[in-house]
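# Examining the three-dimensional arrangement
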Amino acid sequence: MQPRNATVAVIGAGDYIGAEIVKKFASEGFTVFAGRRNGDKLAPLVAEVEAAGGRIVARSLDARKEDETTAFLNDADKHAPLEVVIFNVGANVNFPILETTDRVFRKVWEMACWAGFVTGREAARLMLPRGGGKIFFTGATASLRGGSGFAAFASAKFGLRAVAQAMARELMPQNIHVAHLIIDSGVDTAWVRERRAQLWGKEALDNPDLLMPPASVAGAYWQLYEQPKTAWTFEMEIRPFGEKW
């Protein structure tokens, strides 16, 4: 692993996708700034990254708070030039429409859409003077279609996709790669496994090819990172080969 004089910021460094993104970029020599709402939960990830020889800075971060996001990205950039920012906040909830309260709808939008806008804007503010950088956003099936019970989540993910697309059209001609990664699959997490078992029974977990391994998502982000600017992707869809679509 060759150390790089650059940082990667991961906003939404949760136990599964976020953690794998952190580990992948740390293994490639970046110093990774990892942020999540409960920073104490990052301790096992910090230990794993450092045991492998990687460099990580872990922080508590509420992406809905503009000042916290700005400070987080500024600190990453002061440590070393901020080369990559990955917005990976989840906010996946399911409520029947009559049970979707104003508070739920607004909170999901703040987490999955507005926070992404703030992250992208502040990342661009730091990258534009240097003339380059990469800003990636995690999307979902809900980025393209609303499902039963997902009015709040789909509206936020639709919005995030629109923000990312507008940013890409504006920033890519200025050498900033903006990409939106659509995960069209359940991801292999404890929450997804529990929900599938509740909906369809434990036999729904028998086929491992229907769930996306978090490490595969991290690999897709690395593929986006490595793309030459002569062939940049704005939107990438990934799904297991067994997923129907």
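Per an unreviewed UniProt entry, the recorded name for the chain is SDR family oxidoreductase, and the organism is Bradyrhizobium ontarionense.

## Here's the deal with the environment of Asp 75
By the element assignment, Asp 75 lies in helix α3 (residues 66–79). Not counting residues within four places of it along the chain, the set of residues in contact with Asp 75 comprises Phe 33 and Arg 59.

## What to know about the packing of α3 against helix α4 (residues 102–127)
Any two packed helices are characterised by the angle at which their axes cross and by the distance between the axes. It is at 10 Å that the axes of α3 and α4 come closest, and there the two elements cross at 35°. Our pair here, α3 against α4, has a crossing hand that is right-handed. Within the contact between the two elements, α3 uses Glu 66, Thr 69, Thr 70, Leu 73, Asn 74 and Asp 77 and α4 uses Trp 114, Val 118, Thr 119, Arg 121, Glu 122, Ala 123 and Leu 126. For the contact of α3 with α4, the class distribution of residues is five nonpolar, four polar and four charged.

## Let's talk about the packing of aromatic side chains
Taken as a whole and assessed by the stated rule, the structure comprises 10 aromatic pairs. With a centroid separation of 5.9 Å and 55° between ring planes, the pair formed by Phe 25 and Phe 30 is classed as tilted. What makes Phe 25 buried here is its relative accessible area of 0%. We note Lys 134 situated over the ring of Tyr 225; from NZ or CZ to the ring centre the distance is 5.5 Å.

## Quick word on the packing of helix α1 (residues 17–27) against helix α2 (residues 43–51)
Between α1 and α2, whose axes approach to 10 Å, the crossing angle comes to 20°. One way to sum up the angle between α1 and α2 is to call them roughly parallel. When you trace α1 past α2, the crossing you get is right-handed. Across the interface between the two elements, Ala 19, Val 22, Lys 23 and Ala 26 of α1 pack against Leu 45, Glu 48 and Val 49 of α2. For the contact of α1 with α2, a count of residues per class yields five nonpolar, no polar and two charged.

## A look at the pattern of salt bridges
This structure, assessed with the given rule, holds 13 salt bridges. For Asp 62, the salt bridge identified is with Arg 64, shortest N-O distance 3.1 Å. On the basis of relative accessible area, Asp 62 is assigned to the buried category, the value being 13%. The class for Arg 64 is partly exposed, based on a relative accessible area of 26%. Arg 239 serves as the salt-bridge partner of Asp 184, at 2.9 Å between the closest nitrogen and oxygen. Placement of the pair is Asp 184 in the loop between β6 (176–183) and β7 (186–187) and Arg 239 in the segment after β9 (235–238), with a sequence separation of 55 residues. Under the relative-accessibility criterion, Asp 184 is labelled buried at 8%. Within this structure, Glu 66, Arg 121, Glu 122 and Arg 125 form a network of salt bridges that share partners.

About the criteria used
Residues numbered from 1 in each chain as written. Predicted model: local features only at pLDDT ≥ 70, side-chain atom pairs only at ≥ 80, totals over all residues. Heavy atoms only, no water. Helix = DSSP H or I, 4+ residues; strand = E, 2+ residues; numbered from the N terminus. Contact = heavy atoms within 4.5 Å. Axes fitted to C-alpha atoms, helices over the stretch in contact; angles between N-to-C directions. Left-handed = near helix turned anticlockwise from the far one by under 90°. Nonpolar A, V, L, I, M, F, W, Y, C, P; charged D, E, K, R; others polar. Phe/Tyr/Trp six-rings, centres within 6.5 Å; stacked < 30°, edge-to-face > 60°. Buried < 20%, exposed > 50% of the residue type's maximum accessible area, 1.4 Å probe, protein only. Lys NZ or Arg CZ within 6 Å of the ring centre and 35° of its normal. Parallel < 35°, antiparallel > 145°, perpendicular 65-115°, else oblique. Salt bridge = Lys/Arg side-chain N within 4 Å of Asp/Glu carboxyl O.

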